[in-house]
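Structural features, examined
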Amino acid sequence: MAGPGAPAPSALASLGVARISLGPQLASAAYAAARRATVSLLESDSYDAVEGGIDFATMQTLLDRP
C-alpha cells in the first residue's frame, strides 16, 4: 500500500509497478477536508472553506466515466 513515506508513483512505475493501492487513505483525506470545512464554518461563520470545490456537473462527468 502506498502513501506518505512510500516511493513516488513515478519511482514505483520505473520498478515495474502497474497499480498503486491507497487503501482507505483517499477517503480519510476527504473526511479530513470535510472536518476542516465544518470547523471553519462553525468558527469563522463563513463558507470560505468550501470555496473552489468541484461543481456538480464536473463531479457527475468524473463519475460517469467507464
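Our subject is the structure that appears above.
Residues numbered from 1 in each chain as written. Predicted model: local features only at pLDDT ≥ 70, side-chain atom pairs only at ≥ 80, totals over all residues. Heavy atoms only, no water.

All right, on to the overall build of the protein chain then. A tally of helices and strands in the protein chain yields three helices and zero strands. Going residue by residue from the N terminus, the α and β elements of the protein chain occur as α-α-α. Relative to the compact-globule value of 11 Å for 66 residues, the protein chain shows a C-alpha radius of gyration of 17 Å, a clear excess of over 25%. Overall, the C-alpha framework of the protein chain stretches about 50 × 30 × 15 Å when taken along its three principal axes. Counting the 66 residues in the protein chain, one finds 6% classified as buried. As displayed, the protein chain offers around 5700 Å² of accessible surface, 61% of which is attributable to carbon and sulfur atoms. Taken as two groups, the 4 positive and 6 negative side-chain charges of the protein chain have centres that lie 17 Å from each other. (Helix = DSSP H or I, 4+ residues; strand = E, 2+ residues; numbered from the N terminus. Rg over C-alpha atoms; globule rule 2.2 N^0.38 Å. Buried < 20%, exposed > 50% of the residue type's maximum accessible area, 1.4 Å probe, protein only. Areas by Shrake-Rupley, 256 points an atom, 1.4 Å probe, with all protein chains shown as cover. Lys, Arg positive; Asp, Glu negative; His and termini not counted. Charge placed at Lys NZ, Arg CZ, Asp CG, Glu CD.)

With that settled, consider the side chain of Ser-46. Checked against the element boundaries, Ser-46 lands in the loop between α2 (25–44) and α3 (56–64). At 3.1 Å, the side chain of Ser-46 and the side chain of Ser-44 are in polar contact. There is a polar contact of 3.5 Å between the side chain of Ser-46 and the backbone nitrogen of Asp-48. What Ser-46 contacts, discounting residues up to four positions off in sequence, is Ser-40 and Leu-41. (Polar contact = N/O pair within 3.5 Å; in protein donor to acceptor, adjacent residues only side chain to side chain. Contact = heavy atoms within 4.5 Å.)

Everything listed here is a matter of geometry and, on its own, says nothing about what the molecule does.
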